[in-house]
Amino acid sequence: MSDVSIRRQQFQKYRQQFQVSQRRLSIDLDVSESHIRNIESGRGNPDAKLLFKLAKYFETTAEDLFPDLAEVEINRS
């Protein structure tokens, strides 16, 4: 399963769980509906502030909501 598919599934799962549409979410978080659509589809990423707003809104962690963004490798020399 691709990273985008995982993100889409997670995002939709939380929207359904909280019974909120993309439009309602955009209004509640004061962002455009197209921005929410782009984030959910993987065509865009939230900035740091919106990332934490979304996690708080859905009562979860940023890592759970956006597993594709959380998977990073750090190479220390």
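These remarks concern the structure in this document. Just so it is clear, the model here is predicted, and its values are computed rather than measured. (Residues numbered from 1 in each chain as written. Predicted model: local features only at pLDDT ≥ 70, side-chain atom pairs only at ≥ 80, totals over all residues. Heavy atoms only, no water.)

## Section: the side chain of glutamate 40
- In this fold, glutamate 40 is placed in helix H3 (residues 33-41).
- When its relative accessible area of 3% is taken as the criterion, glutamate 40 is described as buried.
- Within the structure, the side chain of glutamate 40 is placed 3.2 Å from the side chain of glutamine 12, a separation counted as a polar contact.
- There is a polar contact of 3.0 Å between the side chain of glutamate 40 and the side chain of glutamine 22.
- With near-sequence residues (within four places) excluded, glutamate 40 lies in contact with Arg7, Arg8, Phe11, Gln12, Arg15 and Gln22. (Helix = DSSP H or I, 4+ residues; strand = E, 2+ residues; numbered from the N terminus. Buried < 20%, exposed > 50% of the residue type's maximum accessible area, 1.4 Å probe, protein only. Polar contact = N/O pair within 3.5 Å; in protein donor to acceptor, adjacent residues only side chain to side chain. Contact = heavy atoms within 4.5 Å.)

## Things to note about unusual backbone geometry
- Look at glutamine 19: it is not a glycine, yet its phi comes out positive at around 50°.
- Mapped onto the elements, glutamine 19 comes out in the loop between helix H1 (3-17) and helix H2 (22-29).
- A relative accessible area of 74% means that glutamine 19 is categorised as exposed.
- Even without being glycine, glutamate 59 reaches a positive phi, approximately 55°.
- If you trace the backbone, glutamate 59 turns up in the loop between helix H4 (48-57) and helix H5 (62-65).
- Since its relative accessible area comes to 67%, glutamate 59 is described here as exposed.

## Points about the pattern of salt bridges
- Taken as a whole and assessed by the stated rule, the structure comprises five salt bridges.
- Between aspartate 68 and arginine 7 there is a salt bridge, and its shortest N-O distance comes to 2.8 Å. On the criterion of sequence distance, the pair formed by aspartate 68 in helix H6 (residues 67-70) and arginine 7 in helix H1 is long-range, its members being 61 residues apart.
- For the salt bridge of arginine 24 with aspartate 28, the shortest nitrogen-to-oxygen distance reads 2.9 Å. Note that arginine 24 and aspartate 28 are positioned in helix H2 at a spacing of four residues, about one turn of the helix.
- Residue class for arginine 24 comes out partly exposed when judged on its relative accessible area of 40%.
- Beyond isolated ion pairs, a larger network of salt bridges with shared partners links Arg23, Glu33 and Arg37. (Salt bridge = Lys/Arg side-chain N within 4 Å of Asp/Glu carboxyl O.)

## Considering the packing of aromatic side chains
- According to the stated counting rule, one finds five aromatic pairs in the structure shown.
- On the basis of an interplanar angle of 80° and a centroid distance of 6.0 Å, the ring pair of phenylalanine 11 and phenylalanine 58 is categorised as edge-to-face. Note that phenylalanine 11 is positioned in helix H1 and phenylalanine 58 in the loop between H4 and H5, a separation of 47 residues in sequence.
- Ring centres 5.2 Å apart and planes at 85° place the aromatic pair tyrosine 57 and phenylalanine 58 in the edge-to-face group.
- Tyrosine 57 sits in the partly exposed class, given a relative accessible area of 24%.
- What makes phenylalanine 58 buried here is its relative accessible area of 1%.
- Members of the aromatic cluster, joined through ring pairs, are Phe11, Tyr14, Phe18, Tyr57, Phe58 and Phe66. (Phe/Tyr/Trp six-rings, centres within 6.5 Å; stacked < 30°, edge-to-face > 60°.)

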